[in-house]
Amino acid sequence: MNSFTYVSPKDLADASKAIGPSGKLLAGGIDLLTELKEGLIQPQRIVNLKSVSGLKDIGGSGDFKIGALVTLADLAANKEVRSKYPAIAEAAESVGSPQIRNVGTVGGNLCQRPRCWYYRDAEVHCLKKGGDRCYAVEGENEYHAILGGGPCHIVHPSDLAPALIALDAQVEIFSNGKTRKMPLGEFFQLPRDNVYSENVLKDGEIVTAVTLPKAMAGWKSSYYKIKERESFDWALASAAVAMEMKGTLVTKARVVLGGVAPIPWRSQEAEKMLEGKNLSTEQALQAGVAAVANATPMSGNAYKEKLAASAVGIAALTAAGMEAK
Amino acid sequence: MADEIREETKKGLSRRQFLRGVGAAAATATVVGAVAFRPKTDEPKQGPKTDLDAIPGAVPVSLKVNGKTHQLNLEPRVTLLDALRERLQLTGAKKICDMGNCGGCTVYMDGKPIYACLKLAVDSQGHDIETIESLAPEGKMTPLQQAFVDHDALQCGFCTPGFVMSVNHLLKTNPNPTLDDVKQACCGNICRCGTYTRIFEAALAAAKARKGAF
Amino acid sequence: MAGWNDRKTSKYVGQKVTRVDGPAKATGRAKYTFDIVLPGMLYGVMLRSPHASAKITKLDTSAAEKMPGVKAVVTIAGVNSTLRYHGQEIAAVAAVTEELAKDAVRAIVVEYEKQPHSVRTEMAAKIADRKDAQPSMIPEGEVADALKSAAATIEATYSVPIRLHTSLESHGSVCKWDGDALTTWCSTQAVHGVKEGMAANQGIAQDKSHVICEYMGGGFGSKFGPGVEGSVCATLAKKAGAPVKLMCDRAGEQLATGNGPDGFAEVKAGASADGKLTVVKANLFGTGGNSSRWGLEYPYIYHAEKRDVSMTGVRVNCGSQAALRAPMHPQACALTEMMIDELAYKLNMDPVEFRLKNQSSQLREAQFRMGAQMIGWDKRNMSPGKSKARFVRGMGVATGKWGGGGGPGSQVQVVVNSDGTVLSKVGTQDLGTGTRTYVASIVAEDLGIDIDRVKAMIGDSALGYSGGSGGSTTTASLAPAVKTAAQAARAQLFAKAAEMLSTTPDSLDARDNKVFVAADPSKSVKFTELCARLGAQPIVANGQFDGSLQQGGVAGVQFAEVEVDMWTGHVQPIKVVAVQDCGYAINRLAAESQLIGGVIQGIAMALFEGRKMDEHTGRCLNPDMENYKLPGPMEMPEIIPVIYDTHDKVAGIGEPAVIPTAGAVANAVYNASGLRIRHLPIVPKRMMEAMA
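In this numbering scheme, every chain counts its residues from 1 along its sequence in written order. Think of it this way: whatever chain is written first is A, whatever ligand is written first is 1, and the rest follow in order. The model is predicted, so local features are restricted to residues of pLDDT at least 70 and side-chain atom pairs to those at 80 or more, both for listing and for counting; the totals for chains, interfaces and linings are taken over all residues.

Novice: Any chance you could explain the overall build of chain A here in plain terms?
Specialist: Helix and strand counts for chain A stand at twelve helices and twelve strands. A globule of 325 residues ought to have a C-alpha radius of gyration of about 20 Å, and chain A, at 19 Å, matches this closely. Along the first, second and third principal axes, the C-alpha set of chain A runs to 60 × 50 × 35 Å. When each of the 325 residues of chain A is scored for burial, the buried share is 60%. At a minimum sequence separation of 6, the contacts of chain A that also span at least 24 residues come to 65%. Secondary structure counts use DSSP, requiring at least four H or I residues in a row for a helix and at least two E residues in a row for a strand, with both numbered from the N terminus. Taken over C-alpha atoms, the radius of gyration is set against a globule rule of 2.2 Å times the number of residues to the power 0.38. Burial in this document is a count-based property: other C-beta atoms within 10 Å of a residue's C-beta are tallied, and the residue is buried at 20 or more, exposed at 12 or fewer, or partly exposed in between, with C-beta positions derived from the backbone. Residue pairs are scored as contacts if the distance between their C-beta atoms, which are placed from the backbone, is within 7 Å.

Novice: Looking at this structure, how should I read the overall build of chain B?
Specialist: For chain B, the helix and strand inventory stands at seven helices and five strands. Seen in sequence order, chain B has helices and strands lined up from the N terminus as α-α-β-β-α-β-β-β-α-α-α-α. Every one of the 214 residues in chain B was classed for burial, and the buried ones make up 57%.

Novice: Explain the pairing of strand β10 (residues 237-246) of chain A to me, please; I cannot follow it from the model alone.
Specialist: Along a regular strand, successive side chains alternate from one face of the sheet to the other. Residue and element names in this part refer to chain A. Burial of β10 is extensive: seven of the ten residues sit out of reach of the surface. Only when DSSP finds a minimum of two bridges between them are two strands counted as paired. For strand β9 (residues 220-226) and β10, the ladder comprises seven bridges, and the chain directions are antiparallel. Paired with S221 across the bridge in β10 is A242. Looking at chain direction, β10 and strand β11 (residues 249-258) are connected through nine bridges and run antiparallel. Opposite K246, over in β11, you have L249 as the bridge partner. In sequence, β10 turns back onto β11 through a hairpin of two residues, with G247 there showing a positive phi of about 65 degrees.

Novice: Got a minute to help me understand the environment of B:L74 in this structure?
Specialist: Residues and elements named next belong to chain B. Along the chain, L74 turns up in strand β2 (residues 68-74). Between the C-alpha atom of L74 and that of G194, which follows or precedes it by 120 residues, the distance is 37 Å. Those residues within four positions of L74 in sequence are excluded, and the remaining contacts are A58, V59, V61, A83, A121 and V122.

Novice: Help me understand the interface of chain A and chain C, please; the structure alone is not making it clear to me.
Specialist: Interface extent is often summarised as the accessible area lost during association of the parts. Contacts between the two partners involve 23 residues from chain A and, on the opposite side, 27 residues from chain C. The element best represented in the side of chain A that touches chain C is helix α12 (residues 303-319) of chain A, accounting for five residues. Considered class by class, the residues forming the side of chain A that touches chain C number ten nonpolar, three polar and ten charged. Three classes are used, and their members are as follows: Ala, Val, Leu, Ile, Met, Phe, Trp, Tyr, Cys and Pro are nonpolar, Asp, Glu, Lys and Arg are charged, and the others, Gly among them, are polar.

Novice: Quick question: what am I supposed to make of the sheet that holds strand β1 (residues 59-65) of chain B here?
Specialist: Think of a sheet as strands paired side by side through backbone hydrogen bonds, with each pair either parallel or antiparallel. Residue and element names in this part refer to chain B. Strand order in this open sheet of five strands is β2-β1-β5-β3-β4, and the pairing throughout is mixed. Each edge of the open sheet carries a strand with a single partner, namely β2 and β4 (112-115). In this sheet, neighbouring strand axes are inclined to one another by 40 degrees on average, regardless of whether the strands run parallel or antiparallel. Here strand β3 (residues 106-109) pairs with strand β5 (residues 128-130) via two bridges, running antiparallel. Its bridge partner lying in β5, M109 is registered against I129. Fitted lines through C-alpha atoms serve as axes, helices being fitted only where they are in contact, and the angles separating the N-to-C directions of these axes extend from 0 to 180 degrees. Its contacts with the sheet put helix α5 (residues 160-173) on β3 and β4, and the angle it makes with β3 is roughly 40 degrees.

Novice: Would you mind going over the interface of chain B and chain C with me for this structure?
Specialist: Every contact between the two is made by 79 residues of chain B and, on the other side, 96 residues of chain C. It is helix α2 (residues 15-36) of chain B that provides the largest number of residues to the side of chain B that touches chain C, a total of eleven residues. Grouping the constituent residues of the side of chain B that touches chain C by class yields 39 nonpolar, 20 polar and 20 charged.

Novice: I would appreciate a short explanation of helix α7 (residues 196-210) of chain B in the present structure.
Specialist: Three or four residues apart is the spacing at which side chains of an α-helix point the same way, because the helix has 3.6 residues per turn. What a helix should span is 1.5 Å times the count of its residues minus one. With 15 residues, α7(B) extends 21 Å from end C-alpha to end C-alpha; this agrees with the ideal 21 Å at 1.5 Å per step. Those residues of α7(B) that sit buried are B:Y196, B:T197, B:R198, B:I199, B:F200, B:A202, B:A203, B:L204, B:A206 and B:A207. Looking at the buried residues of α7(B), the elements they touch are α4 (143-150), α5 and α6 (179-185) of chain B together with α15 (588-607) and β26 (638-643) of chain C.

Novice: Looking at this structure, how should I read the confidence of the model for chain B?
Specialist: Segments scoring low in pLDDT should not have their predicted coordinates read at a detailed level. pLDDT is defined as a per-residue confidence score from the predictor, taking values between 0 and 100. Here chain B averages 82 in pLDDT, while 74% of its residues score no lower than 70. Note that residues 12-50 of chain B has pLDDT below 50 and, in this model, 60 contacts with residues that lie over four places away or in other chains.

Novice: It is not clear to me how the sheet that holds strand β23 (residues 539-543) of chain C should be interpreted in this structure. Could you clarify?
Specialist: All names here are of chain C. Spatial strand order, β19-β18-β17-β23: four strands in an open sheet with mixed pairing. Bordering the open sheet on either side are β19 (454-457) and β23, each of which pairs with just one other strand. Across the sheet, the mean angle from the axis of one strand to that of its neighbour is 15 degrees, orientation sign disregarded. When strand β17 (residues 412-416) meets strand β18 (residues 422-425), the two strands line up antiparallel, connected through four bridges. Looking across to β18, one finds that Q413 is bridged to K425. Packing of helix α12 (residues 435-447) onto the sheet brings it into contact with β17, β18 and β19, and relative to β19 it is tilted by some 145 degrees. Against the sheet, helix α13 (residues 474-501) makes contact with β17, β18 and β23, and its axis sits at roughly 150 degrees relative to β23, the strand it touches most.

Novice: What am I meant to see in the pairing of strand β22 (residues 520-526) of chain C here?
Specialist: All names here are of chain C. Relative to β22, strand β21 (residues 514-517) is paired through four bridges, and the arrangement is antiparallel. From the neighbouring strand, F516 faces β22, where its bridge partner is S524. In textbook terms, the turn of a hairpin is the stretch between consecutive antiparallel strands, and for β21 and β22 this stretch comprises two residues.

Novice: Looking at this model, I keep getting lost on the packing of α4(B) against α5(B). Mind explaining?
Specialist: Helix-helix packing is characterised by the crossing angle of the two axes and by the distance between the axes. Residue and element names in this part refer to chain B. Axis separation between α4 and α5 bottoms out at 10 Å; the angle between their running directions is 130 degrees. Here α5 runs oblique to α4, going by the angle between their axes. Like other packed secondary-structure pairs, α4 and α5 cross with a definite hand, here right-handed. Here α4 contributes L144, Q145 and F148 to the contact with α5, which in turn contributes T160, V164, V167, N168 and L171. Of the residues in the contact of α4 with α5, the class split is five nonpolar, three polar and no charged. Here the angle decides the label: under 35 degrees means roughly parallel, over 145 means roughly antiparallel, 65 to 115 means roughly perpendicular, and every other value means oblique. Crossing chirality is assigned from the near helix's rotation relative to the far helix, an anticlockwise turn below a right angle marking it left-handed and a clockwise turn marking it right-handed.

Novice: For this particular structure, what's the right way to read the nonpolar core?
Specialist: Side chains that are nonpolar tend, in soluble globular proteins, to be buried together. Membership of the largest hydrophobic core comes to 414 residues, with the highest contact counts inside it found for A:L167, A:V241, A:V312, A:A316 and C:V669. The biggest single contributor to this core is α13(C), with 13 residues. When near neighbours in sequence (up to four residues on either side) are disregarded, C:V669 contacts C:G394, C:V562, C:V564, C:V571, C:L675, C:I677 and C:I682. Throughout this description, the term nonpolar core refers to a group of buried Ala, Val, Leu, Ile, Met, Phe, Trp, Tyr and Cys residues whose C-beta atoms join them within 7 Å.

Novice: Could you clarify how one ought to interpret the environment of C:G598 in this entry?
Specialist: Position of C:G598 among the secondary structure elements: in helix α15. With 562 residues separating them along the chain, C:G598 and C:I36 place their C-alpha atoms 30 Å apart. Among residues more than four places away in sequence, those in contact with C:G598 are B:G194, C:A657, C:V658 and C:T661.

Novice: How should I be thinking about the packing of α5(B) against α7(B) in this particular structure?
Specialist: Residues and elements named next belong to chain B. One can describe the packing of α5 onto α7 by two numbers: an axis separation of 11 Å at closest approach and a directional angle of 35 degrees. Here α5 and α7 pass one another in a crossing that is right-handed. For the pair α5 and α7, contact is made by F163, V167 and L171 and by I199, A203, A206 and A207, respectively. Here the contact of α5 with α7 is built from residues that sort into seven nonpolar, no polar and no charged.

Listed below in structure tokens is the structure:
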């Protein structure tokens, strides 16, 4: 870890200015500290966002607002979230471990950097670090992307993002003294658009909140995450499924995959497969198969196709209150 | 009956052959280290005089730990874990993976378990920090710690403080935990010797014994 | 010499005794090497090779030496040194804080000339550097004939990966010089071994080398000497004129302090219709890392009528192997048991019965029968792979053997003071196995006093010699010496008591803090009163090894039940029954804990562990605890440890406990799912690929 100064700004404008091109924002710090310890970043300043007030609120009578500094533990425990947007509570609960969820924040989870073992190795000069190749292509790619990859093949590590996007969340961004809003689905960007950043934030911009449309509270939703190690792991593949249902009939569906693409991967193919049909085990699993129909696996990660397909099927069935078996 | 096993174990790579091998390997390694590694101790190095209070970039840091406030002079990059262990000599929290994967460094911040290795000391100011040393300040074990001993829920003991902290927090917040609750509470802790099932037994026994009050 | 205590009447020995150091560990008071903080202590940090194979063309530490807070820099490699693996030590820095030492390490200028490398056994085995240790002995024709006439045959390749010890306390030490005398706090399995090693590498007399290891946070076979990190720490301390703490960081620990070798078995095997293993032809290979020293026993405990096994050690550009809990046995067991199991199913024979037909031990047969009954073997899946359900369950079995047993060397001293305090002293170490506890309990038992009166003093080279803790030999070596010392102290105590009670020593017994006439317990003297009579002459009794109290050679059988999620490839261990002989169990609680711990490490081997190397960069991809995965709480099955009593001599249990588990779990996965995964660990990737 390089040496840096530590500042506690009093408001967002201050914080934004302090970040500039050579500062890094500190919220929970879970991802930031690992990046610092691995020597992947050498900021001159660490800017403590927690000194800015108003970013920890959660709730609202209209759209449901979740402040960027709400911890994953508080999000997972929130009664309203659990009852109205269960996929989000499940996703938050699936992150890391209790110790991480007590500290890690919503904003941090959305802005965290990838876990790719080539990226995380400071000695490997990969594309994402300004190098000329993605080492996963000819290397060990069992944890890499099967959808949307190239030229870099990371997967986005967030569990929360697929669930939020499935529930049509908007993200609020403080930028140049103003707050702008955009669909969270548009917040993330593919490596082919910008290999150096997984999202569209520019220097000095700060995620301040996500909001969920009130209308989505009536949808049934669930998040299912497949891990190598159940106790504590990243997703090998995950899926968030949200459905508007009349009885067993799915009228509308939103399906977003995690752990399989450089961004949370919305699958309209899967959604089409669910919409207008009565949900059954077979239907749910077929939606999963549709979700990965266009996958382009690498040498060692074709297995993720089946996992992602199962994740979609299980999430859809669970969302509908049906037994997944 | 054991004799035939004794005979059988003489075949193949026997323990004695193996130990000889290890001994030889270990001895060789030592000698090789000694030969290949010839530091020049005849030129004692006089670096710039720097003591702990004159570290470039260090700032005053006030930490409230186990109810007591400590004034330290630390670089902002010092983690809470290193500050606790190396500056306050509160070494119950362990440094194992140093990356938030193992739970050896579990402490409470405002009553909740966190990884001290992923928290800057400077970012811990204004919070109540509790370490395992706060549980048994006079050396008298809590019922949970006693249960760890009674159920042999520890071997090398290096992960133990972290597990005690995780389970202790569970018992504070959940009076009647199930086995699954105990497992969930410990998901952020790793034991290498293999004491998990003993830890589950200890946790459930402690919960049962206290009957609600902890 | 009297034998071990009768479990029907003993209070501690042969019973379940909680650890004497349990409270220190449960409260965080126990001070490990990593926890030592001395006044003025500096922090040592290592610079390691980023390359798998390279020559150093430039090494300049001058900038590092001028960095703030830096007190000493030493080089380990030099210009023209060849580096043979990612993580190999190059230089080290000591500074007033760890952060400043790391800054200085980054300021060391090294230039490398990269050289070709090979880091993966399976690739290296194909190209070069093979060393045929055991060439084929049987004419090809005979093997071919045997295979042709077999009722069932298999031809398959099996493998187990390289595992990293991942001791939670990394390798390292704190070194402090006083003139030419060195004190080393070291996380070690061999207090006296480190004392000797440090003396040798620092060029000092052994009596100037003092080593302390009160507590150590896991070793599993990798912590027998000072290591490069230990000698470097001492040299930094000397150069800086201040104590230095140098503990490996997690990456250094995973890369350079040892690993458990992998194993590959390309096998053709056949069995007769009546279940006899008629032929095994196997080409085995694996790596010792930066050495081609490698080998294992195949087909492990089973007898094959025709056996043709060739063995090849492969050198790769990776850190060297070190003993890892039952070195090469879990590998040999898993590679064998997966094959045996496959053959049993091919023969359509009960896997337990097939095994029994090809091994000759009655002890093991009894263990098989007992374990089968306890897990409910007759309820195993009778049609693997036929179910269409998402969740399927199944059972598997495997067996192991180990030497154990003890040897001479340990020097134990028991002191009984006039205030009734008792010391039991020996320079051994407790790896978490419970050594410290029986160093006290054996003495308490034979003196008839409460265990908390006895202070076990271990972990210090100033105490009597004791060997390193490896091979599950510690208890079988040390416990007899403690017993001998305890018996000698008891004799002296009884001599004193006999005077007071006007009787002869041989008529006395001791229990409940009293010495009394065995035939008339009303004639007694309290232990404390007896001690008070010692005056200025405390009892000092010494003990050495007594071979009649130990015996090597143990067997174990384990049954595993798992549940497989056929949609996700997830394998959940449900139950493991571990039946293990360890001779006389000195402390049944700690022995059971060893058995449980072995099972858990075996589950780790079956389902999670495996070092991953990148062939292109030559770097290890998971020198950490994130992608080097160890099981956590959710992965735990119900574990039933069964100490299978055989004889009344101490054998050892630490290592045998870990041997059969991985094979049993892998076989259970087949029984549940019908998927034969021949390569460990059995991760979802392998399960889903097998379903394709």
